[in-house]
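Residue-level structure breakdown
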Amino acid sequence: IILRGMADGKSRTRLKTAISGEHCGPMLLEIQEVQVYDIFRLFSKKIAVSGKEVLAVLPEYYTADITLQENMKDFLAESEEYDKNKPGDDPLEIFQVREYRSGDRMQSIHWKLSARTDDLMVKEYSLPTGTPVVLFLDMRYQSGENYGYLDEFIESGLAVSQGLLETGCEHYVVWFDRKRQDLERIAVKETDDRYLVTERIFSSGPYQDDVEMEELYRDKYRGETWHTQILLNLKKELWKDGELEAELSGHARDILENEIII
């Protein structure tokens, strides 16, 4: 992209341009060169500059049409017992108070304590030992396989999550972070949570590690129970409790918007 503009001596000018991305995901913008000309364009001079910015091209958000079975509706997500070693997302019980970290929800800030300490402090809530649905986004891939673009995978996973939310089913979205070499999960309780999930998935990305997410999850969150587990992989296969529910590749939106039974 070449930007052209004019500025008087010792003054500033602002140049604007529209940028579009063919696919969703992070986009790196970098200044490669700045060249200054005189008004008659007879002389020019290159100026050494450096500047980078990463922008996020968001996926296309839509909602899967999900119907919950009666036994799912009867499952009690709340539990009277809480994990003593791990934080969670139940506002009825506070696990600990800690300093603010990037990505924390504004609703969890402890404003009174923050005012006293002059630092943003965050309330970490307790973790109930039961949840209705765990949604795994499996980003493992093998060299030589043709998985297509990531757009459909990301959009499908977010659509299932939003569909669950609109039925009143709060849930966890779980994936493997290749940078941290650990599972990451977010409790989805409101529509805005999908933007946080999107950001975290963009920063993680696909991996070739041989990771069994369900086994890691059971080991990391021992004692936690759930009613249903859903898994979406890069082949766009949607699995429910170990059984193939649907093959979404190429027509994910058509399938997901025509009722999925959970």
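Residues numbered from 1 in each chain as written. Predicted model: local features only at pLDDT ≥ 70, side-chain atom pairs only at ≥ 80, totals over all residues. Heavy atoms only, no water.

The end-to-end C-alpha distance of helix H4 (residues 193–204) is 17 Å, a good match for the 16 Å that 12 residues give at a rise of 1.5 Å each. Taken together, the buried positions of H4 are Asp 193, Arg 194, Leu 196, Val 197, Thr 198, Ile 201, Phe 202 and Ser 204. Downstream of H4 by a residue or two, Gly 205 has a phi angle that is positive, lying close to 85°. (Helix = DSSP H or I, 4+ residues; strand = E, 2+ residues; numbered from the N terminus. Expected span 1.5 Å × (residues − 1). Buried < 20%, exposed > 50% of the residue type's maximum accessible area, 1.4 Å probe, protein only.)

Okay, the packing of helix H3 (residues 150–166) against H4 next. At a minimum axis separation of 11 Å, H3 and H4 run at an interaxial angle of 150°. Between H3 and H4, the angle is such that the two are roughly antiparallel. In this structure, H3 crosses over H4, and the sense of that crossing is right-handed. Across the interface between the two elements, Ile 154, Leu 158 and Gln 162 of H3 pack against Arg 194, Val 197, Thr 198, Ile 201 and Phe 202 of H4. (Axes fitted to C-alpha atoms, helices over the stretch in contact; angles between N-to-C directions. Parallel < 35°, antiparallel > 145°, perpendicular 65-115°, else oblique. Left-handed = near helix turned anticlockwise from the far one by under 90°. Contact = heavy atoms within 4.5 Å.)

Attention now goes to the nonpolar core. Most often, soluble globular proteins keep nonpolar side chains buried together rather than apart. Counting residues in hydrophobic clusters, the biggest one holds 51 residues, and the most contacted among them are Leu 164, Tyr 217 and Leu 256. No other element matches the seven residues that H3 contributes to this core. Look past the residues within four positions of Tyr 217 in its chain and what remains in contact with it is Val 134, Phe 136, Tyr 172, Val 174, Leu 183, Arg 185, Glu 224 and Trp 226. (Core = buried A, V, L, I, M, F, W, Y, C linked by side-chain atoms within 4.5 Å.)

Here the focus is the packing of aromatic side chains. Counting across every chain of the model gives five aromatic pairs. Ring centres of Phe 136 and Tyr 217 lie 5.5 Å apart, and the angle between their planes is 85°; this geometry places the pair in the edge-to-face category. Placement of Phe 136 in strand E9 (residues 130–138) and of Tyr 217 in helix H5 (residues 213–220) is noted, with a sequence separation of 81 residues between them. Across the pair, Tyr 217 and Phe 136 agree in class, each one buried. Summarising the aromatic geometry, the rings of Phe 176 and Tyr 207 are spaced 5.1 Å apart at their centres and angled 65° between planes, so their arrangement reads as edge-to-face. With Phe 176 in strand E10 (residues 171–177) and Tyr 207 in the loop between H4 and H5, this pair connects stretches of sequence that are 31 residues apart. In terms of burial, Phe 176 and Tyr 207 fall into one category: buried. Among the aromatic residues, ring-to-ring pairing joins Phe 136, Tyr 217, Tyr 221 and Trp 226 into one connected group. Directly above the aromatic system of Tyr 37 lies the positively charged group of Arg 41, at a separation of 4.1 Å from the ring centroid. Between the NZ or CZ atom of Arg 194 and the centre of the ring of Tyr 61, over which it lies, the distance is 4.4 Å. (Phe/Tyr/Trp six-rings, centres within 6.5 Å; stacked < 30°, edge-to-face > 60°. Lys NZ or Arg CZ within 6 Å of the ring centre and 35° of its normal.)

Our focus in this paragraph is the pattern of salt bridges. This structure, assessed with the given rule, holds 12 salt bridges. The partner of Glu 170 in a salt bridge is Lys 189, and the shortest N-O contact between them spans 3.0 Å. Here the residue Glu 170 occupies a position in the loop between H3 and E10, and Lys 189 occupies one in the loop between strand E11 (182–188) and H4, the gap between them amounting to 19 residues. With relative accessibility at 35%, the residue Glu 170 sits in the partly exposed group. Judged by its relative accessible area of 34%, Lys 189 falls in the partly exposed class. One salt-bridge network, held together by shared partners, links Arg 180, Asp 182, Glu 184, Arg 200 and Lys 220. (Salt bridge = Lys/Arg side-chain N within 4 Å of Asp/Glu carboxyl O.)

What follows concerns the layout of surface pockets. It is the rolling of a water-molecule-sized probe over the atoms that shows where space remains empty. Of the volumes computed, that of the largest pocket is approximately 1500 Å³. As for the largest pocket, its lining consists of 32 residues, of which Leu 3, Arg 4, Leu 15, Glu 33 and Val 34 are closest to the centre. Broken down by secondary-structure element, the contributors of at least two residues to the lining of the largest pocket are strand E1 (25–30), strand E2 (34–37) and strand E4 (52–57). Class assignment of the residues belonging to the lining of the largest pocket gives a composition of 14 nonpolar, seven polar and 11 charged. (1 Å grid on protein atoms, 1.4 Å probe; cavity = no way out; pocket = protein on both sides within 12 Å on 5 of 7 lines; lining within 4 Å. Points joined across faces, edges and corners; volume = space filled by probe spheres on them. Nonpolar A, V, L, I, M, F, W, Y, C, P; charged D, E, K, R; others polar.)

As for its placement among the helices and strands, Tyr 61 is situated in the loop between E4 and strand E5 (66–67). Separated by 101 residues in the primary sequence, Tyr 61 and Gln 162 have C-alpha atoms spaced 8.9 Å apart. Residues in contact with Tyr 61, not counting those within four places in the same chain, are Leu 158, Arg 194, Tyr 195 and Thr 198. There is a polar contact of 3.0 Å between the side chain of Tyr 61 and the side chain of Thr 198. (Polar contact = N/O pair within 3.5 Å; in protein donor to acceptor, adjacent residues only side chain to side chain.)

With that settled, the discussion passes to the side chain of His 171. Structurally, His 171 is set in strand E10. Judged by relative accessible area, His 171 falls into the buried class, the value being 2%. Of the polar contacts made by the side chain of His 171, one reaches the backbone oxygen of Cys 169; its length is 2.9 Å. When residues no more than four places from it in sequence are discounted, the contact partners of His 171 are Val 133, Ser 161, Leu 164, Leu 165, Ile 186, Ala 187 and Val 188.

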